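Chain by chain, the residues run as shown.
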Amino acid sequence: MTRLPRTAVTDILVLSLLSLLGIAGYETAFGGLNFLVAAVAGLVVGTLAAVAGAVWRLGVVTTVLLAMAGYLLVGTAVTMPDAALFAVLPSLEGLTGLVIGPVYGWADIVTIGTPVEAPYYVAVVPYFAAWLVALVGTLLATRWLPRRRTALRASVLLIGPVVLYLSGILLGTDEAYLAAVRGVAFAVVALVWLAWRRGATVEASGDGAARRQKVVGTSAVVAGAIAIGAVAGIALAPVSPDRFVLREEVVPPFDPLEFPSPLAGFRHYTKDLAEAPLFEVTGLEPGDVIRLATMDAYTGRLWNVAGPDDVGPDGGGYAIVGETLPEPLLATLGSERRVQVQVEGYDDVWLPTVGYGETLALQDRGTSKRAGDLRYNPAAGTAVLTSGLAEGAAYELDGRVQVEPETDELLDVPVAGLAMPAVQNVPDVVAAKADEYVGEAATPIEQLRAIETGLKTNGFLSHGLASDTVPSRAGHGADRIIELFTRTQMVGDEEQYASAMALMARHLGYPARVVMGFAPEVREGEAVEVLGGDVTAWVEVPFEGVGWVSFRPTPDQVDVPQEQTPKPKSEPQPQVRQPPRSEDEEEQLLTTVEIDDSDDDRDRPFVLPGWVWVTIASVGIPAAVVLLPLLVVALVKRERRRRRRTGANDRRAAGAWEELVDRYAELGFEPPAQGTRLQAARVLERQVDEQGLTAALAQAPATRRADASATAPADETVRLATFAATIDRDVFGGDDVTDAVVDDRWTAADASTDAVARAAGRLRRLVSRYRLHRRR
């Protein structure tokens, strides 16, 4: 056992202190200092493993293995305590997180909304980073630095803590955590340690005067650097929006456009699920509405949630979150709500929420395992579980509702200038109706209330059900909005009226969005079973310093007046004296008709007896089923053979081989899909031999060699391998192939296949006529 020198102990302590100062920057990402437990544990495990290796004189490889064992043994308890066995022992889930955390955790941190609390292994990132820096730094301090103690070599140990410091900045947010204090402290400790290191080196040389001079000079440089750094840091430190952090450069991977527009399924709730229980909610208060999805982009066909490429700087965006949800940038939050949701018949990806959430905990076992699929948009106040909710899912939401000011309180408040995705293909009638409803209203709130009142008082409510007095077509595209305003009466439901008002507000230059949700009847202190018929939609417009104010333009009137066509009035005609009636008038109007009772069969059409039709059907239909496919396959085979017998002679010779292989395949043999002709020939010969049909090949006349004359006698028996080699010589030999040789090749191919077909049996020959094979 070897004892560590005091200088090495000092180096290790300085290294640990600098690492803690650096990794403290993760506070902005994790929203607290709870992650420091994992970071300190990583420092301790990495340092102790390296120190044990130096004290026990272990090799580097053995020391690293010891450190890895400590990393796996301690990691579960300090990073994923819920996954630990008996709160301290590692489990399979914990070991998996310790392995995949260092690989995927970095990407998760920059795509998850702060504070980072999911996925479950995210705390492994500071644990692993501190463990790795401590292990490598301590190995250098105990094994490499003592060989030659210089300030330059000692400065190498600062690389690890500096990397931790930078990673805390890059993985954090634009709000720095004690930037001045940590920066100055880091610089002081590092420079003083380097000065001490340099003084120790001079002291070792034995020159006292030089030592004092070096120490005094270095101390002056350190003090000056600290003073200048502090002043420059305060004066030149970037403001929050200008800080470079990775999460601002990385687009969250979730794209809402991958899912159908929630508003497009509005009628599915009102028609198909009107009486179906969707989910049960407890904790609501009278007047509360449930938010489902917020849509701020319009294409002319539908409203949808803006994708990551279209969302503006004020639109938020959906990011991975843990149980703690980020706060909205523009909202005046009022009373608190704690609601529990139990899913019954609801099966979509959008999570029903209330107000703007503060915490959201997935409670059932199946859904909690998919916590990494949870995304939240603080600007919209809506959440989505990309893997979808199902029956039995349960979660708890703590949130606060937006304060709804009175109209008089907003008379002098301007609309917030938020950047929203542009609306497209808006009908001209929307602008005309907006100007008509606004009239002489001057302030934004008066104009918006005028539009809301105009739609609500002039329109009628209809979901297009059979019980409704007039039909109401679903949809909110440009054609449906035109129909809403151009019919004699405005008829629609929340889908059409909310869409129309949002487009009117956009025409006036106000950033408006459509919110879809549920408005069940709530009784104080009772659980609410939300039905499909409780679905609703409304419009929200942001006001400066207030938040998003809601507007509900859907009318309550359901009795649509019927369009009645007045009956024409009858005008009296002057009376005219009629002539006297003649008694024989009817007889004068009649004409004598002679009826021929003779039976003339010549005028009767020919009609087939019923038994003939029965016979034709009973015989013709089975015959058509059997013969029509046979006819089609035969025509295709004939065309295939014709194509192979056209072109250059070498290609025609090759076509003979292709025809042979196809016919063998149609007889039930299995030629290889790839390979040379010779390889295919050997495979077919082996299959013929295995099926006992080899004698059939001996009955087929052989093909002539490429150099034989067309009149030479065919006294050899054909073998497929010989035939394949002959075709290869025809194609690749370079000699001219005559027409007689081509005919000989086709004759041999036909003879070979006919002989095998006869030997294979009548049934296989019949089946082969229905098969169609094409050699590629």
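## Some thoughts on the overall build of the protein
Right, so step 1: Scanning the protein from terminus to terminus reveals 25 helices and 17 strands.
Right, so step 2: In the protein, buried positions account for 44% of the 776 residues.
Right, so step 3: Summing over all exposed atoms, the protein offers an accessible surface of approximately 41000 Å²; the carbon and sulfur share of this is 57%.

## Describing the packing of aromatic side chains
Right, so step 1: Evaluated as defined, the whole model comprises twelve aromatic pairs.
Right, so step 2: When the centroid spacing of 6.0 Å and the interplanar angle of 75° are considered together, the rings of Y71 and F128 count as edge-to-face. Of the two residues, Y71 is situated in helix α4 (residues 60–79) and F128 in helix α6 (residues 124–144); the sequence distance between them amounts to 57 residues.
Right, so step 3: Relative to W131, the ring of Y71 has its centre 5.0 Å away and its plane inclined at 45°; by these criteria the two rings are tilted. Of this pair, Y71 sits in helix α4 while W131 is found in helix α6, placing the two residues 60 residues apart along the sequence.

## A look at a nonpolar patch on the surface
Right, so step 1: A surface patch of nonpolar side chains, amounting to about 730 Å² of accessible area, comprises I621, V625, V626, L627, L763, L766, V767 and Y770.
Right, so step 2: Those elements that place two or more of their residues in the nonpolar patch are α19 (610–644) and α25 (762–768).
Right, so step 3: Looking at the nonpolar patch element by element, the count peaks at four residues for α19.
Right, so step 4: Of note, V625 is situated in helix α19.
Right, so step 5: Given a relative accessible area of 58%, V625 falls into the exposed group.

## As for the sheet that holds strand β16 (residues 535–543)
Right, so step 1: Within the open sheet, the four strands sit side by side as β2-β14-β16-β17. Their pairing is antiparallel. The open sheet terminates on both sides in strands that have one partner only, identified here as β2 (290–295) and β17 (547–551). The mean angle between the axes of side-by-side strands here comes to 35°, regardless of whether they run parallel or antiparallel.
Right, so step 2: Here strand β14 (residues 513–518) runs beside β16; their pairing, made up of six bridges, is antiparallel. Its bridge partner being in β16, F518 is matched across the sheet by V535.

## Here we look at unusual backbone geometry
Right, so step 1: Residues other than glycine seldom take positive phi values, yet R57 does so here, at roughly 55°.
Right, so step 2: Note on placement: R57 falls in the loop between α3 (35–55) and α4.
Right, so step 3: We note that N425 has phi near 55°; this positive angle belongs to a residue other than glycine.
Right, so step 4: Note that N425 resides in the loop between β11 (394–402) and α14 (428–438).
Right, so step 5: The class of N425 is exposed, set by a relative accessible area of 55%.

## Quick look at the pattern of salt bridges
Where charged atoms from two side chains of opposite charge come close, those side chains can pair.
Right, so step 1: Tallying each qualifying case throughout the model produces 32 salt bridges.
Right, so step 2: Here R643 and E639 are joined by a salt bridge, their closest N and O atoms 3.1 Å apart. On the criterion of helical spacing, the pair formed by R643 and E639 is a turn pair, its members being four residues apart in helix α19.
Right, so step 3: Where D750 meets R663, a salt bridge forms, and the shortest distance between an N and an O atom there is 3.6 Å.

## What to know about helix α1 (residues 6–23)
Right, so step 1: In this model, α1 (18 residues) spans 26 Å end to end at C-alpha, consistent with the 26 Å of a helix rising 1.5 Å per residue.
Right, so step 2: Every buried residue belonging to α1 is among A8, D11, I12, V14, L15, L18, S19, L21, G22 and I23, and all of these are buried.

## Points about the environment of G334
Right, so step 1: Counting through the fold element by element, G334 comes out in strand β6 (residues 333–343).
Right, so step 2: Relative accessible area serves as the criterion here: at 24%, G334 is assigned to the partly exposed category.
Right, so step 3: Not counting the four nearest positions on each side in its chain, G334 is found in contact with R400, V401 and V403.

## A few points about helix α16 (residues 478–486)
Right, so step 1: Listed as buried for α16 are A478, R480, I481, E483, L484 and F485.
Right, so step 2: Considering only its buried residues, α16 is in contact with β3 (297–298), α14, α15 (444–458), β13 (490–492) and α17 (494–507).

## Looking at the sheet that holds strand β10 (residues 382–385)
Right, so step 1: Spatially, the four strands line up as an open sheet ordered β5-β9-β10-β7, and their pairing is antiparallel. Strands with a single pairing partner mark the edges of an open sheet, and in this sheet they are β5 (319–320) and β7 (350–351).
Right, so step 2: Pairing between β5 and strand β9 (residues 374–377): two bridges, direction antiparallel. Its bridge partner being in β9, I320 is matched across the sheet by R375.

## Some remarks on the environment of E670
Right, so step 1: Within the secondary structure, E670 is located in the loop between α20 (649–666) and α21 (677–690).
Right, so step 2: Overall, the relative accessible area of 60% leaves E670 in the exposed class.
Right, so step 3: For E670 and L684, which are 14 residues apart along the polypeptide, the C-alpha to C-alpha distance reads 7.3 Å.
Right, so step 4: If near-sequence neighbours (up to four positions away) are discounted, E670 is found in contact with V683 and Q687.

## A short note on the confidence of the model for the protein
Right, so step 1: Averaged over every residue, the pLDDT of the protein is 81; the share at 70 or more is 80%.
Right, so step 2: Low pLDDT, under 50, characterises residues 232–241; the stretch is placed with four contacts to residues that sit more than four places away or in other chains.
Right, so step 3: Contacts of residues 585–596 to residues separated by more than four positions or lying in other chains number one contact, the stretch itself having pLDDT below 50.

## Some points on the pairing of β16
Right, so step 1: In terms of burial, β16 is a largely internal element, nine of the nine residues being buried.
Right, so step 2: The side-chain alternation of β16 yields two buried faces, one formed by V535, A537, V539, V541 and F543 and the other by T536, W538, E540 and P542.
Right, so step 3: Where β16 lies against β17, five bridges are found, and the strand directions are antiparallel. Across the sheet, residue V539 finds its bridge partner in β17, namely F551.
Right, so step 4: Counting the residues in the hairpin turn of β16 and β17 gives three residues, including G545, whose phi is positive at 75°.

## Structural notes on the environment of V78
Right, so step 1: With respect to the helices and strands, V78 occurs in helix α4.
Right, so step 2: For the pair formed by V78 and A123, sequence separation is 45 residues and the distance between their alpha carbons is 8.6 Å.
Right, so step 3: Here V78 is in contact with A38, A41 and Y127, once residues within four sequence places are set aside.

## With respect to the packing of α3 against α6
Right, so step 1: Relative orientation of the contacting elements α3 and α6 amounts to 25°, with a least axis distance of 7 Å. When the axes of α3 and α6 are compared, the pair comes out roughly parallel. Crossing of α3 over α6 shows right-handed handedness.
Right, so step 2: Its residues placed into classes, the contact of α3 with α6 shows 16 nonpolar, six polar and one charged.

## Brief notes about the packing of α15 against α17
Right, so step 1: Taken N-terminus to C-terminus, the directions of α15 and α17 make an angle of 150°; their axes are 10 Å apart at the nearest point. Between α15 and α17, the crossing angle belongs to the class labelled roughly antiparallel. Seen from above, α15 lies across α17 with right-handed handedness. Across the interface between the two elements, L448, I451, E452 and L455 of α15 pack against Y497, M501, M504 and A505 of α17.

Rules of the game
- Residues numbered from 1 in each chain as written.
- Predicted model: local features only at pLDDT ≥ 70, side-chain atom pairs only at ≥ 80, totals over all residues.
- Heavy atoms only, no water.
- Helix = DSSP H or I, 4+ residues; strand = E, 2+ residues; numbered from the N terminus.
- Buried < 20%, exposed > 50% of the residue type's maximum accessible area, 1.4 Å probe, protein only.
- Areas by Shrake-Rupley, 256 points an atom, 1.4 Å probe, with all protein chains shown as cover.
- Phe/Tyr/Trp six-rings, centres within 6.5 Å; stacked < 30°, edge-to-face > 60°.
- Patch = residues over 30% accessible without salt bridge, like charges linked within 9 Å, V, L, I, M, F, W, Y side chains within 5 Å.
- Salt bridge = Lys/Arg side-chain N within 4 Å of Asp/Glu carboxyl O.
- Pairing = 2+ DSSP bridges.
- Axes fitted to C-alpha atoms, helices over the stretch in contact; angles between N-to-C directions.
- Expected span 1.5 Å × (residues − 1).
- Contact = heavy atoms within 4.5 Å.
- pLDDT = per-residue confidence, 0-100.
- Parallel < 35°, antiparallel > 145°, perpendicular 65-115°, else oblique.
- Left-handed = near helix turned anticlockwise from the far one by under 90°.
- Nonpolar A, V, L, I, M, F, W, Y, C, P; charged D, E, K, R; others polar.

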